[in-house]
Amino acid sequence: MTQAIHDKKGKSFILMGVSSTGKTSIGTALAQRFGIKLIDGDDLHPRTNIIKMGSGQPLNDVDRAPWLERIRDAAFSLEQKSEIGIIVCSALKKQYRDLIRDGNENVKFLFLEGSFDLVLERMKQRKGHYMKTEMLKSQFDTLETPQKDEPDVLHVNIDGSFEEVVERCAQVLEPYL
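Cut-offs applied
- Residues numbered from 1 in each chain as written.
- Predicted model: local features only at pLDDT ≥ 70, side-chain atom pairs only at ≥ 80, totals over all residues.
- Heavy atoms only, no water.
- Helix = DSSP H or I, 4+ residues; strand = E, 2+ residues; numbered from the N terminus.
- Rg over C-alpha atoms; globule rule 2.2 N^0.38 Å.
- Buried < 20%, exposed > 50% of the residue type's maximum accessible area, 1.4 Å probe, protein only.
- Contact = heavy atoms within 4.5 Å.
- Areas by Shrake-Rupley, 256 points an atom, 1.4 Å probe, with all protein chains shown as cover.
- Phe/Tyr/Trp six-rings, centres within 6.5 Å; stacked < 30°, edge-to-face > 60°.
- Pairing = 2+ DSSP bridges.
- Axes fitted to C-alpha atoms, helices over the stretch in contact; angles between N-to-C directions.
- Disulfide = S-S within 2.5 Å.
- Expected span 1.5 Å × (residues − 1).
- Salt bridge = Lys/Arg side-chain N within 4 Å of Asp/Glu carboxyl O.

Our focus in this paragraph is the overall build of the protein. Of regular secondary structure, the protein possesses eight helices and five strands. The linear arrangement of helices and strands in the protein, starting from the amino end, is α-β-α-β-α-α-β-α-β-α-α-β-α. Over its C-alpha trace the protein gives a radius of gyration of 15 Å, about what one expects of a compact globule, namely 16 Å for 177 residues. Expressed along its principal axes, the backbone C-alpha trace of the protein runs to roughly 45 × 35 × 30 Å. Relative to its 177 residues, the protein shows a buried fraction of 46%. Expressed as a percentage of contacts within the protein between residues at least 6 apart in sequence, the contacts between residues at least 24 apart total 77%. As displayed, the protein has an accessible area near 8,900 Å², and 50% of this comes from carbon and sulfur atoms.

Set out below in structure tokens:
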């Protein structure tokens, strides 16, 4: 952990993408590498969302609203406490990302991109996660891939080994730390 990282104003990096792109694992590796905080957005879901997803039902925008407010508040807290952190959050729609940006000056998004087939294969290999394989299609249907009008979104392709993807993410993040 370098002193230079912690001398700067607080900021957050939202590690985003559909389920099974590696957000939590990659976020953990990056937080350890850079000595910064990690907040797993899955831990911020209200109980009703966890129960709904656990029963195989996709969330709708009404379900997501309180969760996104918690994500936004976590980013605000990091900024106000002059901390730097990674927040794991799917942030699938532009309106979700806009809500997280609202009132937060130092938020960047790191978009983990992969094809449906690649992500489906990774999802099938996961154990102990409440997201059901059948729900992946709804995540891709919901996803609004960030475009050029969102210059605070950094794109990282997840095709490759875990180590390769972590290294790509680290290289993208390092200039902003």
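Take the packing of aromatic side chains next. The final tally for this structure, using the stated rule, is one aromatic pair. On the basis of an interplanar angle of 70° and a centroid distance of 5.3 Å, the ring pair of phenylalanine 116 and phenylalanine 140 is categorised as edge-to-face. Taken together, the residues span a long stretch of sequence, with phenylalanine 116 in helix 6 (residues 116-124) and phenylalanine 140 in helix 7 (residues 136-142) at a distance of 24 residues.

This brings us to the sheet that holds strand 2 (residues 37-40). Pairing within the open sheet is parallel, and its five strands lie in the order 2-3-1-4-5. Looking at the sheet topology across the chains shown, the edges are occupied by strand 2 and strand 5 (153-157). Across the sheet, the mean angle from the axis of one strand to that of its neighbour is 20°, orientation sign disregarded. By the bridge criterion, five bridges tie strand 1 (residues 11-16) to strand 3 (residues 84-88) in an arrangement that is parallel. Within strand 3, the position partnered with leucine 15 by the bridge is valine 88. In this fold helix 4 (residues 61-80) packs onto strand 1, strand 2, strand 3 and strand 4 (107-113), with an angle of close to 170° to the strand it touches most, strand 3. Sitting on the sheet, helix 5 (residues 94-101) touches strand 1, strand 4 and strand 5, and the angle it makes with strand 4 is about 150°.

Inspection of every chain in the model, using the stated rule, returns zero disulfides. Take cysteine 89: it sits in no disulfide, and the sulfur closest to it among the cysteines is that of cysteine 169, at 16 Å.

With that settled, the discussion passes to helix 8 (residues 162-173). Here helix 8 contains twelve residues, and its C-alpha end-to-end distance of 16 Å stays within 8% of the 16 Å for a straight helix at 1.5 Å per residue. The inward-facing, buried residues of helix 8 contact strand 1, helix 2 (23-34), strand 3, strand 4 and strand 5.

Let us look at the pattern of salt bridges. Applying the stated criterion across every chain, the model contains 14 salt bridges. Aspartate 98 is paired through a salt bridge with arginine 101; the nearest N and O atoms lie 2.7 Å apart. Of this pair, aspartate 98 and arginine 101 both sit in helix 5, three residues apart, roughly one helical turn. In the salt-bridge network here, residues are joined through shared partners; they are Lys94, Arg97, Asp98, Arg101, Glu150 and Asp152.

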